[in-house]
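# Breakdown of the fold
Here is how the chains run, residue by residue.
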Amino acid sequence: MDKDLNYGEDYKFIPATSVRSGVGIEVIPDLYQYTIQIVNIVLYGNINTKDFVLIDAGMPKSAEEIISVIEERFGPNSRPKAIILTHGHFDHVGGIIELIKQWNVPVYAHALEIPYLTGKQNYPEPDPSVSDGLVAKMSPFFPKEAINIGDNIKAVPEDGHIPYMPGFRWIHTPGHTPGHISLYREKDRVLIAGDAFVTVKQESLYKVLTQTKEISGPPQYLTTDWQAARKSVEKLEALKPLIAITGHGLAMKGEELQNNLQKLVEKFDEIALPKHGKYLN
């Protein structure tokens, strides 16, 4: 029932934005990245057939903007076949309840992420001590309570395929959250990485505002298992992707992507790991 769907009591609009907010880019013909404030959503699908999937659900209070973007790309009253969540942090599920009510479509996430999406478990407290950056310092004010989308959430199939995304498979990339997944298509080595790694230093307000492009590990203030995060980056680098869309920052391609991912693996402690923080051990 609709009345059973709810966000946590700490759900609220977050007044953070970037120069890329409201900007969409067709990375390749069937993948469209759109930035809402400081986070990316991804639309997978062919604009001619209008069969498409939404990956992630933006910042709090962003549902109307997401619907508008989708109707501009796919036509009036368009709706996705499904919503795929890389994970359940507030900036990736911010419009999910309104979107479910609007479209009545299934939502898929990893089984380990479902407790955070069904009101059973809150995420750990953000850690502002990881960085002197202002976004890190703001992180205690970010929503962390579990949301509840009830029976609308389903676990991604155990065989690795992703409903309505032929050719893609999901890869378990924990660390940032226990059930974080990335999506990969072998034929053209396209990667939708979520927050397993990102292409902007997410802790720095200036770099977030300007969308300064640089390889970085998962956002430090919300990452709780750094050993797993390192292994996830190594797993994705081993795929040698040619295109990567991340949850924050601009897409990377070709040699720039491969060189930067290799650098991230080799210098993970220097680039990704915070110098201090309560989740380091």
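Residues numbered from 1 in each chain as written. Predicted model: local features only at pLDDT ≥ 70, side-chain atom pairs only at ≥ 80, totals over all residues. Heavy atoms only, no water.

What follows covers the pattern of salt bridges. Scanning the model with the defined rule gives 10 salt bridges in all. E26 is paired through a salt bridge with R73; the nearest N and O atoms lie 3.0 Å apart. Taken together, the residues span a long stretch of sequence, with E26 in strand 1 (residues 24-28) and R73 in helix 1 (residues 63-74) at a distance of 47 residues. Residue classification places R73 among the buried residues on the basis of a relative accessible area of 16%. Residue K144 pairs with E125 through a salt bridge whose shortest N-O separation is 3.5 Å. (Salt bridge = Lys/Arg side-chain N within 4 Å of Asp/Glu carboxyl O. Helix = DSSP H or I, 4+ residues; strand = E, 2+ residues; numbered from the N terminus. Buried < 20%, exposed > 50% of the residue type's maximum accessible area, 1.4 Å probe, protein only.)

With a phi angle near 65°, Y164 is a residue other than glycine that sits in the positive phi range. Here Y164 is to be found in the loop between strand 7 (153-155) and strand 8 (168-172). If you check the backbone angles, R189 has positive phi at about 55° while not being a glycine. Along the chain, R189 turns up in the loop between strand 9 (181-185) and strand 10 (190-194). Residue R189 is classed as partly exposed on the basis of its relative accessible area, which comes to 28%.

Turning our attention to the packing of helix 5 (residues 226-237) against helix 6 (residues 254-266). With their axes 10 Å apart at the nearest point, helix 5 and helix 6 run at an angle of 150° to one another. The way helix 5 lies across helix 6 gives a crossing that is left-handed. Across from V233, E234, L236 and E237 in helix 5, the residues of helix 6 making contact are L261, Q262, L264 and V265. Among the residues forming the contact of helix 5 with helix 6, the class breakdown is five nonpolar, one polar and two charged. (Axes fitted to C-alpha atoms, helices over the stretch in contact; angles between N-to-C directions. Left-handed = near helix turned anticlockwise from the far one by under 90°. Contact = heavy atoms within 4.5 Å. Nonpolar A, V, L, I, M, F, W, Y, C, P; charged D, E, K, R; others polar.)

Judged by pairing direction, the sheet is mixed, and its seven strands sit side by side in the order 1-2-3-4-5-6-7 without closing on themselves. Here the strands that pair on one side only, and so sit at the sheet edges, are strand 1 and strand 7. (Pairing = 2+ DSSP bridges.)

This brings us to the environment of I192. Of note, I192 is situated in strand 10. In this structure the C-alpha to C-alpha distance between I192 and F168, which are 24 residues apart in sequence, comes to 9.8 Å. Sequence-distant contacts of I192, that is, excluding residues within four places in its chain, are made with L31, V42, I55, M165, F168, S182, L183 and I245.

The subject of this paragraph is the packing of helix 1 against helix 2 (residues 96-103). Axis separation between helix 1 and helix 2 bottoms out at 8 Å; the angle between their running directions is 50°. Considered as vectors, helix 1 and helix 2 are oriented oblique to each other. Across from A63, I66, I67 and I70 in helix 1, the residues of helix 2 making contact are E98, L99, Q102 and W103. When its residues are assigned to classes, the contact of helix 1 with helix 2 shows six nonpolar, one polar and one charged. (Parallel < 35°, antiparallel > 145°, perpendicular 65-115°, else oblique.)

Time to look at the pairing of strand 2 (residues 31-36). Extensive coverage of strand 2 is indicated by the burial of six of its six residues. Alternating residues of strand 2 divide into L31, Q33 and T35 and Y32, Y34 and I36, and every residue in both groups is buried. For strand 1 and strand 2, the ladder comprises four bridges, and the chain directions are antiparallel. Pairing of I28 across the sheet is with L31, part of strand 2.

Taken together, five strands build an open sheet; the order of strands is 8-9-10-11-12 and the sheet is mixed. Across the chains shown, the open sheet's two edge strands, defined by having one partner strand only, are strand 8 and strand 12 (252-253). For strand 10 and strand 11 (residues 243-246), the ladder comprises four bridges, and the chain directions are parallel. When the bridges of strand 11 are listed, G194 appears paired with T246.

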